[in-house]
Amino acid sequence: AMAAITYQGPDAVMGVESTWALGYSPARPAGMFPGSVFGMLGGNGSAAFADIDSGTAVAVMRNRCSIGDFTTAARIDHLVMDASKQLGGSSRRR
């Protein structure tokens, strides 16, 4: 439910095309929409997101402002996905 897409269209503030899930972005910083992620990217390249299926949460804080540069967040996202795969895919406790 948290990651379910609830709106697709122009952002009311920025005017750019966007996708929202209950006030959060349903995309990973690497740009994928797996259906189990919610979080937010900041304008300076920071990010915070959680993956419901794998039980992981990630926060990326930057000490340099580079507007719209999400390279660091995407690299860390790829590292987290690779580590999750090596650990067997989903680490979620049931």
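For the structure, see preceding data.
Residues numbered from 1 in each chain as written. Predicted model: local features only at pLDDT ≥ 70, side-chain atom pairs only at ≥ 80, totals over all residues. Heavy atoms only, no water.

Here we look at helix 1 (residues 71-86)
The line we're drawing: Counting from the N terminus, the helices are the DSSP runs of H or I reaching at least four residues and the strands are the DSSP runs of E reaching at least two. Working rule for helices: expected span equals 1.5 Å times residues minus one. Relative accessibility decides the category of a residue: with a 1.4 Å probe and only protein chains considered, values under 20% of the type maximum give buried, values over 50% give exposed, and everything between is partly exposed. Taking the helix axis as origin, the arc is that swept by the directions to the C-beta atoms.
When the terminal C-alpha atoms of helix 1 are compared, their 23 Å separation across 16 residues agrees well with the 22 Å that a helix rising 1.5 Å per residue should span. Those residues of helix 1 that sit buried are Ala73, Ala74, Asp77, Val80, Met81 and Ser84. In a view along the axis of helix 1, the buried residues occupy a sector of 120°, so they form one face of it. Exposed side chains of helix 1 directed beyond 90 degrees from the buried face belong to Arg75, Leu79 and Gln86.

What to know about the pairing of strand 4 (residues 47-51)
The line we're drawing: When DSSP locates at least two bridges between a pair of strands, those strands are taken to pair.
Within strand 4, four of the five residues are buried, which leaves it mostly tucked inside the rest of the structure. In terms of strand pairing, strand 3 (residues 37-41) meets strand 4 through five bridges, oriented antiparallel. Bridged to Met40 within strand 4 is Ala48. The turn joining strand 3 and strand 4, which pair antiparallel and follow one another in sequence, is formed by five residues; a positive phi near 100° is taken by Gly45.

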